Amino acid sequence: MELVSTEEPRAGVSRRGFLGRAGGVLAAAAVGVPATLHATTRRALAAGCSERGPLKGQARRDAAYDIRLKTADRARSQPLAAPSCDGDEDRYPLRTASFSKGLPHDRNGHVDPVAYTALLTAIETGRNELYDAIPLGGTRKLTNPHAAMTYGLEGFDSHDFVVPSPPAFDSAQRASEVVELYWMALTRDVPFAAYDTDPLVARAAADLSAMSDFRAPKIGVAVTPATLFRGHTPGDLVGPYVSQFLWKDVPFGPATISQRYRGGIEGLDFMTAFASWLSVQRGEEQAEGPRETTTRYIRNGRDLAEWVHRDFPFQAGIMAAQILLAMPGATDPGNPYVAAKTQDPFSTFGGPFVLDLVARVANAALRAAWYQKWALHRTLRPEAFGGRVHNHATGVAAYPIHDDLLLNSGVLAETRARHKTFLLPIAYAEGSPLHPAYPSGHATFVGACVTVLKALFNESAPITDPVVAGADGLALTPYTGPALTVGNELNKLAANVALGRCTAGVHYRSDAIQGLLLGEAVALRILADIRATLTEPAGAGLSLTRFNGATATF
C-alpha cells in the first residue's frame, strides 16, 4: 500500500520535492489509512485518535527534556579527577617502554623517532590529515585512535573515568606480571583439570610465589595450583577454572548452540624467532595460524586464548544473557515485574532490554578504554616487552628490567630451553592488535557486560545442572563440588575473558584487572541514567555486588 502525505504541497513547492523533504515523518503518521481516501477524510480519522497516558504533548516533551538535563548536570557536576600516568614515555627517549607497533622499527626493534612523534602529534591535534600522515612500518593499520576522542551522551563521558597508572616498565610489579605471562605460555596445553597434579603448573606457582610484588590471588602468601592464573573476586576461586557460561549450551532463538570450538594447535606458538617478532612489530601482515579440526569444550589455556581471539566484543555477555533468560529462578528479586499482577516484562526489564543493555554498555566501555590507551598511557604490549627481555639477555641492548624477572625467576631458562630464544611465546600469529595495552579492551567490555547481568539477574541463584569439561574437551559431565552461583560464575566469566587475553600473551594482568573495573564503572553510570528514564516503580531496587565486594543499588 502506498503511503501518501495528508498535507497538500504549498505553492511554489513541487509535490515530489515536498514528499522528498517530509515524506519520512508524514508517511509514518499515515500508516493504516488507505491512500485512496480523500485528504479531509484522513484528517478526520486522525483527529479521532485519543492519546492515553499520564503526560501528553508538550508536557511529555518537557519531562523528557528535564530527564536529559538532570543526567547531563549530574555528569558535569562530578569533580574532575586528574589522570595518572607512569611517566615511562618521557623517561625513555627511545620509547622502549611505549606502544609503537605498526610503525617503522630498526633492526633491534626500536621505533623510528620521527614516526612516533607523528603519532603523538596526530593524537594531540585530532586532525585526520595528520593521522593519515603517520608513517607505517607495514600494511597493518592502527586501530581506531579517533575513538579516544568520541563524546558520550549516556552515563559519563569517556574522559571522565580515571584509572590508576599502569605499572612502570622497571617495576617489580611489571616484572612479576611478565613472569606470569611466560608461565602462561609454557602451560597453555596443560588441561585445567590437571592443574592439581601437573609438575609444570607446580613450578609456575612456586616461581610466582617468590616474586616480590605479584598482585594475584594467593592462599596465605603463596600462589597455588588452585589460585594460579585466576581472577581476584571470591567467585573466581570457587569450582572449575572455566565459567559455566563458557560451557553450557546457549539458547539462541530457534537454535541451541553447543559451546564446542576449534582451538589452536597444541605446542604451536608464534614470535619465538627474532625475525618473525620484528616483522610483527613493524606491522607486516602474517599468515593466519592453523586451528584444530576437532571442536572441543574449553579445556586449557590454549583453547581459552583462541576463544578470546575470535569472539566479538559482547559475545560473552550476550551468551550469558541468553542462558540466564532461560534459567529458572535467575530473575533478580528487585525486578519490578516480580510483583506485577497483570504484566510481564519485555522491552523494559525483559529479554530485549537485557540484550540491548549488554551490547550498549560494551561499546561505551570500549570508548572509555580507547581514551586511556591512546590519549594517556600508550603502554607497550607484552610481546614488545619480550623483545626487550631477549635483547637484554643476549647483550644486544640494556634496559632497566627488574631483577625479579632477570635473576629471581627460572622462567626465562625454561623458555629458552623450549624455544631457543628469550622471546615471549604468543598464541596468535599476528600478535596483539594495533592499539596500546592498558587497559585491556576485552576486560573493559566484559566487565561492563557482566555488571549489567549482575544488576538484572539474581546473583545468589544456583547454577542449574552445572557441568565440567574433561581433560580432552570432548564431553561435559555433571559437576560435583562447592555450589556455583550466578554471581560467582559471572565474575568468573569476566576473569576468563580478561585473563584469557593474558594467556594468549597480548595483555598483562593489570590491563585485565583495571579494565574490568573501568567497564564496571562505565556500566554503573549508564544503568543509573537508564533507570531515570523508566516509569516502573523502584520497589526494592536493583542491586549488584561489585568486583571489589561492595554493593551498588539503584
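Residues numbered from 1 in each chain as written. Predicted model: local features only at pLDDT ≥ 70, side-chain atom pairs only at ≥ 80, totals over all residues. Heavy atoms only, no water.

A.B. asks: So what about the confidence of the model for the protein? Which residues, and what values?
C.D. replies: Considering every residue of the protein, the mean pLDDT works out to 92; 91% of them sit at 70 or more. Between residues 1-33, whose pLDDT stays under 50, and residues either more than four places distant or in other chains, the model counts 31 contacts. (pLDDT = per-residue confidence, 0-100. Contact = heavy atoms within 4.5 Å.)

A.B. asks: Could you give an account of the pattern of salt bridges, with specific residues and numbers?
C.D. replies: Scanning the entire structure with this criterion turns up 23 salt bridges. Between Arg91 and Asp88 there is a salt bridge whose closest N-O contact spans 2.4 Å. Taken together, the residues span about one helical turn, with Arg91 and Asp88 both in helix 4 (residues 88-91) at a distance of 3 residues. Overall, Arg91 belongs to the partly exposed group, its relative accessible area being 42%. Taking the relative accessible area as the measure of exposure, Asp88 reaches 3% and is therefore buried. The partner of Glu292 in a salt bridge is Arg296, with the nearest N and O atoms 2.8 Å apart. Given a relative accessible area of 16%, Glu292 falls into the buried group. Through salt bridges with shared partners, a single network forms among Arg188, Asp189, Asp269 and Arg302. (Salt bridge = Lys/Arg side-chain N within 4 Å of Asp/Glu carboxyl O. Helix = DSSP H or I, 4+ residues; strand = E, 2+ residues; numbered from the N terminus. Buried < 20%, exposed > 50% of the residue type's maximum accessible area, 1.4 Å probe, protein only.)

A.B. asks: So what's going on with the layout of surface pockets? Residues and values would help.
C.D. replies: Within this model, the largest pocket holds a volume of roughly 970 Å³. Looking at the largest pocket, it is lined by 32 residues, and the ones nearest its centre are Ile67, Arg68, Thr71, Asp529 and Thr533. Those elements giving two or more residues to the lining of the largest pocket turn out to be helix 3 (57-76) and helix 18 (509-533). When residues of the lining of the largest pocket are assigned to their parent elements, the largest contribution, 9 residues, is made by helix 3. Classifying every residue of the lining of the largest pocket gives 17 nonpolar, 7 polar and 8 charged. Here the second largest pocket is characterised by a volume of approximately 330 Å³. Taken together, 20 residues form the lining of the second largest pocket, with Phe192, Ala193, Arg230, Pro240 and Tyr241 sitting closest to its centre. (1 Å grid on protein atoms, 1.4 Å probe; cavity = no way out; pocket = protein on both sides within 12 Å on 5 of 7 lines; lining within 4 Å. Points joined across faces, edges and corners; volume = space filled by probe spheres on them. Nonpolar A, V, L, I, M, F, W, Y, C, P; charged D, E, K, R; others polar.)

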